[in-house]
Amino acid sequence: MSAELVVRGGTVHDGTGAPGRPADVAITDGVICDIGSNLRGARELDASGCVVAPGFIDIHTHYDAQVFWDPALRPSSFHGVTTVVAGNCGFTIAPARRDHHDLIVGTLENVEDMDPATLHAGIEWDFETFPEYLDLVGRRGTAINFTAYIGHSALRVYAMGEAAYERAATPAEIARMCDLVRDAIAIGAAGFSTSFSFAHRGVDGKPVPSRFAAADEVEALFRAAGDAGKGVVLITPGDQCSYEDVYAWQPKIGRPFTYPLFASPNGKYLTPLGLHEQGIAAGARVWPQVTPRPLTMQFTLADPYSLNTGAVFGELLKVGRSVRLAAYRDTEWRALAAADLENSPMRPRWETFEVSESARFPELEGRRVADLAAEREVTPLDVMCDLAVAEDLETRFRAYIANDDVAAVSGLLTHEQVALGLSDAGAHVDQLCDAPLPTDLLGSWVRERGVLTVEQAVHKLTGEPADLFGFVRRGRVREGYWADMCVFDPDTVGPGPTRRVRDFPADAERLTAEEPTGVRHVLVNGTPIRIDGEQLATARPGMRPETA
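Right, let's walk through the structure included here. (Residues numbered from 1 in each chain as written. Predicted model: local features only at pLDDT ≥ 70, side-chain atom pairs only at ≥ 80, totals over all residues. Heavy atoms only, no water.)

The next thing to look at is the overall build of the protein chain. Across its full length, the protein chain carries 17 helices and 23 strands. With the principal axes as the frame, the protein chain shows a C-alpha extent of 80 × 60 × 50 Å. Per element, the accessible surface of the protein chain, about 19800 Å² overall, is 48% carbon and sulfur. Taking the average location of the 51 positive side-chain charges in the protein chain and that of its 77 negative ones, the two points are 2 Å from each other. (Helix = DSSP H or I, 4+ residues; strand = E, 2+ residues; numbered from the N terminus. Areas by Shrake-Rupley, 256 points an atom, 1.4 Å probe, with all protein chains shown as cover. Lys, Arg positive; Asp, Glu negative; His and termini not counted. Charge placed at Lys NZ, Arg CZ, Asp CG, Glu CD.)

What follows is the structure, given as structure tokens:
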């Protein structure tokens, strides 16, 4: 009997890490029903010369809000991604009471660089609880599979209101948050996420709510996540939970733990990497998340996210544009800010800063800020402030933050028990676009550099994250599994160009990459959302992945 659809003539890399083999893949009712030769189907997709892989899984996104106005979840779905995990770092939009919407929006504005006008215009707030949020997303439909962590900061705001930004929680508030965590994971949340990072600031530049948690709250929430019996705990480490604490807590909780790990230029990443090696030897189920892409940001001094980690710059998060401009004109403020940044844990790498876009001074585009500073006998910050003031904060700069050392990144990508993540898709949309992580990995690190084989890369993009999160019948090209698939040409696959567009609610702009090379077909639950390199705009076959 013929199948509904056959993907014919490709080389199947099944997601296990095994070598590829020539085979057709037959699909009926959204599920793979046969893998073999000369299979027949009512409809066929040609995969000759291509790899037939499971759909890619992006475990670190911030599509919590964008999912309401962009069910295609651009640009991830263009790059072979068929499942995303949102709600990372504790920054979710559910649960949320009606009178807390401004607090949620204000948090996302500063910590994830989301435009508040876009959030107010684009989010459909027809939910309060986390289960209601996931149900609403499911009813509206998505092009790809969508799930999310329940986030610590949103939990605190829900349980404590404005006090979430001021104090530790009471025992009753902690108990309420724990109940919500158990309920959310039971109905399909990806797990529990939180952040204690000094870099994460929310409303008026204050530490995000999760950073006000005391030890009893942190322990209780970890244990609640463990009680659920499924899901993952994501932590951005800091004072309340250090890297050492991650490895101490995981065996007690029993669920996999994960945290972000960039190849920092000062070598600080080697400390958690050493702890990780000790943890692996002791049997810890901890998975640092790494990315193949350099962390670069394009920004203006109207919102200099990468500089806001400094205390002096951080104070500007609570003031308006006119006060910010006045500060940039003030030579005393500049000196104070420059000195503060030199002592910041994320000291700017001034040698990587350059002028990216300047309408008034186009001759400076591409010039290094440090070179201009040397010519003018001033500091790099002076150069940036002078240009920003002269162009009413419209000058755009580019800077490398981390992960631009090829040898260091290669070491992370090939290290034992590390997961691919950190695309941050849906966040910082006017400053970076790292959603093309899968196509960049396959083009730059497999084909061009040979750091990974095709089968290794496909495994890290599919089977490995599916196993980490316990996604049922996903992450493999296997009979009985959901037909999430990406068909790509290994000789041409790549991320394509990044461009700036203005198409978000409230006329907001974003960086996007919607012209990948070599991505031929993409299927979600057996339904094509991309055929022969053309995206199908109306398809919404995504669902909430089941976890176990």
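Before going further, it helps to examine the packing of helix α6 (residues 215–227) against helix α7 (residues 243–253). Where α6 meets α7, the axes come as close as 9 Å, and the angle between the chain directions of the two elements is 40°. By the criterion of interaxial angle, the relationship of α6 to α7 is oblique. Crossing hand, α6 versus α7: right-handed. Of the residues in α7, those in contact with E219, F222, R223 and G226 of α6 are W249, K252 and I253. Of the residues assigned to the contact of α6 with α7, the class counts are three nonpolar, one polar and three charged. (Axes fitted to C-alpha atoms, helices over the stretch in contact; angles between N-to-C directions. Parallel < 35°, antiparallel > 145°, perpendicular 65-115°, else oblique. Left-handed = near helix turned anticlockwise from the far one by under 90°. Contact = heavy atoms within 4.5 Å. Nonpolar A, V, L, I, M, F, W, Y, C, P; charged D, E, K, R; others polar.)

So, about the side chain of T236. Here T236 shows up in strand β11 (residues 232–236). Ignoring sequence-local partners within four residues, the contact set of T236 consists of C89, T194, S195, F196, S197, H200 and P260.

Read across the open sheet, the six strands follow the order β9-β10-β11-β12-β13-β17; overall the sheet is parallel. The sheet is open, and its two borders are formed by β9 (150–151) and β17 (419–420), each paired with just one other strand. Looking at chain direction, β11 and strand β12 (residues 257–260) are connected through two bridges and run parallel. What sits directly across from L234, in β12, is T258. (Pairing = 2+ DSSP bridges.)

With that settled, consider the sheet that holds strand β8 (residues 145–148). Here three strands make up an open sheet; going across it, the order is β6-β7-β8 and the pairing parallel. Because the sheet does not close on itself, it has two edges, and the strands there are β6 (56–58) and β8. Within the sheet, the average angular offset between the axes of one strand and its neighbour, ignoring direction, is 15°. Direction of pairing for strand β7 (residues 81–86) relative to β8: parallel, over a ladder of four bridges.

Moving on, we come to the environment of A117. Within the element layout of this structure, A117 appears in helix α2 (residues 116–122). A C-alpha to C-alpha distance of 34 Å links A117 and L441, two positions 324 residues apart in sequence.

For the rest of this paragraph, the subject is the pattern of salt bridges. Across all of its chains, the model carries 39 salt bridges by this definition. Here D24 and R8 are joined by a salt bridge, their closest N and O atoms 3.0 Å apart. One end of the pair, D24, is in strand β2 (residues 21–28); the other, R8, is in strand β1 (residues 3–12), with 16 residues separating them in the sequence. Here D24 falls in the buried class, since its relative accessible area comes to 7%. The shortest N-O distance in the salt bridge between E351 and R349 comes to 4.0 Å. Taken together, the shared-partner salt bridges connect D70, R74, D503, R510 and E514 into one network. (Salt bridge = Lys/Arg side-chain N within 4 Å of Asp/Glu carboxyl O. Buried < 20%, exposed > 50% of the residue type's maximum accessible area, 1.4 Å probe, protein only.)

Here the focus is the pairing of strand β22 (residues 527–531). Burial runs high along β22: four of the five residues are buried. Sheet topology places strand β21 (residues 519–524) next to β22; three bridges connect them, and they run antiparallel. Along β22, the bridge assignment pairs L523 with P528. What sits between β21 and β22 in their antiparallel hairpin is a turn of two residues, with N525 showing a positive phi close to 50°.

On to unusual backbone geometry, then. Cis geometry marks the peptide bond from R74 to P75, where omega comes out at 0°. The residue P75 is located in the loop between β6 and β7 in this model. Its identity as a non-glycine residue notwithstanding, Q417 has a phi of 55°, on the positive side. For Q417, the location among the structural elements is in the loop between α14 (406–413) and β17.

Quick look at the nonpolar core now. Ranked by size, the top nonpolar core spans 120 residues in total, and within it Y133, F146, F222 and F488 carry the most contacts. Looking at which element gives the most residues to this core, the answer is helix α5 (residues 171–186), with seven residues. Other than its neighbours up to four places away in sequence, F222 contacts F192, T194, V233, I235, C241, W249, I253 and F257. Counting 35 residues, the second largest nonpolar core, distinct from the first, contains L316, L325, W350 and L372. (Core = buried A, V, L, I, M, F, W, Y, C linked by side-chain atoms within 4.5 Å.)

In this section: α5. Compared with an ideal rise of 1.5 Å per residue, which puts 16 residues at 22 Å, α5 spans 23 Å between its outermost C-alpha atoms and is within 8% of the ideal. Turning to α5, its buried residues are E173, I174, M177, C178, L180, V181, A184 and I185. All buried residues of α5 fall inside an arc of 160° around its axis, so they share one side. α5 presents P171, A172 and A186 as exposed residues on the side facing more than 90 degrees away from its buried surface. On its buried face, α5 sits against α3 (130–140), β9, α4 (152–160), β10 (191–195) and α6. (Expected span 1.5 Å × (residues − 1). Arc of directions from axis to C-beta.)

Mapped onto the fold, V501 is located in strand β19 (residues 499–504). For V501, a relative accessible area of 14% puts it in the buried group. In sequence terms V501 and H13 are 488 residues apart; their C-alpha atoms lie 35 Å from each other. Excluding its chain neighbours within four sequence positions, the residues that come into contact with V501 are A508, E509, R510 and T512.

As a packed pair, helix α11 (residues 331–342) and helix α13 (residues 380–390) sit with axes 9 Å apart at the nearest point and diverge in direction by 130°. Relative to α13, the element α11 is oriented oblique. Here α11 and α13 pass one another in a crossing that is right-handed. When α11 is examined against α13, the residues R334, A337 and A338 are found in contact with a partner set consisting of L381, D382, C385 and D386. Here the contact of α11 with α13 is composed, by residue class, of four nonpolar, no polar and three charged.

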